[in-house]
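Fold and contact review
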Amino acid sequence: MKFFIDTANLDQIREAQDLGVLDGVTTNPSLMAKEGITGRNNILKHYVDICNIVDGDVSAEVIATDFEGMVKEGEQLAELHEQIVVKVPMIKEGIKAIKYFSDNGIRTNCTLVFSAGQALLAAKAGATYVSPFIGRLDDISTDGLNLIAEIRLIYDNYGFETQILAASVRHTMHVLECAKIGSDVMTGPLSSIEGLLKHPLTDIGLEKFLADYKKGN
Ligand code: G3P
């Protein structure tokens, strides 16, 4: 399973990249705003800065909601850097834009996906990635992980190449469960990746190894 980090914070992206296990980055307009990145030019520059830190795919979201606008913006975003994947919302015009991008060799990430039907449509349109938001489904007392399992089943039934990118991952258990289900990618905060490191027996064991070494040296 690929690990993406879901942030526009360059320090956190660098930290995840330094760990050596980072496969890409996802952002969205809310994450950009959180970092105080505003204005079209600053946002475009920020995407390039992110691409220069990481080796993998970087999702950059269109703001337009009409077909022509999405195509124009998406083509601009894709020109910025070869690592850019154009993030398009799951709406009717978005599906048309994904089909257009797919026919024209531009990679896409279909975002704001909350049902298996939406994921099926995104795959039919040729999306490179589909982003089901599992945390936000959990927030409304629905089983977000079950959606990942449903999409996995449907994609495997028909051999769709669209990669399942489990998004809105909130914690380490989400990461583990996504890996068990067979999600292709997960995107979450740095804490959800670093949480994988932790086990109290590791800390106790290491402490003892080091203490025993000191005794003999
Ligand atoms: O990748 C989608 C993500 O940015 C949404 O996460 O935590 O705001 O639901 P969250």
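Here, every reference points to the structure presented above.
Residues numbered from 1 in each chain as written. Predicted model: local features only at pLDDT ≥ 70, side-chain atom pairs only at ≥ 80, totals over all residues. Heavy atoms only, no water.

**Observations regarding the side chain of threonine 7**
On the secondary structure map, threonine 7 appears in the loop between strand S1 (2-6) and helix H1 (10-19). Reaching out from threonine 7, the side chain makes a polar contact with the backbone nitrogen of asparagine 9 at a distance of 2.9 Å. In this structure, threonine 7 is in contact with Gln12, Ile13, Val25, Thr26, Thr27 and Leu31, ignoring residues within four places of it in sequence. (Helix = DSSP H or I, 4+ residues; strand = E, 2+ residues; numbered from the N terminus. Polar contact = N/O pair within 3.5 Å; in protein donor to acceptor, adjacent residues only side chain to side chain. Contact = heavy atoms within 4.5 Å.)

**Let's talk about the side chain of aspartate 57**
Positionally, aspartate 57 belongs in strand S3 (residues 57-61). Judged by its relative accessible area of 13%, aspartate 57 falls in the buried class. Among the polar contacts listed, one links the side chain of aspartate 57 to the side chain of arginine 107, at a separation of 2.9 Å. Within the structure, aspartate 57 has its side chain in polar contact with the side chain of tyrosine 129 (distance 2.6 Å). For aspartate 57, the contacting residues outside a window of four places in its chain are Phe4, Asp23, Gly24, Val25, Gln83, Val85, Arg107 and Tyr129. (Buried < 20%, exposed > 50% of the residue type's maximum accessible area, 1.4 Å probe, protein only.)

**A look at the nonpolar core**
Core analysis: the biggest nonpolar cluster contains 56 residues, and Ile13, Val25 and Leu77 have the highest contact counts within it. Contact partners of isoleucine 13, with chain neighbours within four places excluded, come to Ile5, Thr7, Ala8, Leu22, Val25, Ile50, Ile53 and Val54. In this structure, Phe4, Val85, Tyr129 and Leu165 belong to the second largest nonpolar core, which totals 5 residues. (Core = buried A, V, L, I, M, F, W, Y, C linked by side-chain atoms within 4.5 Å.)

**Things to note about the packing of aromatic side chains**
In total, this model carries 6 aromatic pairs according to the counting rule given. Relative to phenylalanine 101, the ring of tyrosine 100 lies with its centre 5.9 Å away and its plane at 70°, an arrangement referred to as edge-to-face. Under the relative-accessibility criterion, tyrosine 100 is labelled partly exposed at 26%. Take phenylalanine 101: its relative accessible area is 0%, and that puts it in the buried class. An aromatic cluster of three or more residues is present, and its members are Phe67, Tyr100 and Phe101. (Phe/Tyr/Trp six-rings, centres within 6.5 Å; stacked < 30°, edge-to-face > 60°.)

**Some points on unusual backbone geometry**
Positive phi values are uncommon outside glycine, yet leucine 112 reaches one of about 60°. Within the secondary structure layout, leucine 112 lies in strand S5 (residues 108-113). Judged by relative accessible area, leucine 112 falls into the partly exposed class, the value being 35%. Not every positive phi belongs to a glycine, and serine 168 is a case in point at roughly 60°. Topologically, serine 168 is positioned in the loop between strand S7 (163-166) and helix H9 (172-181).

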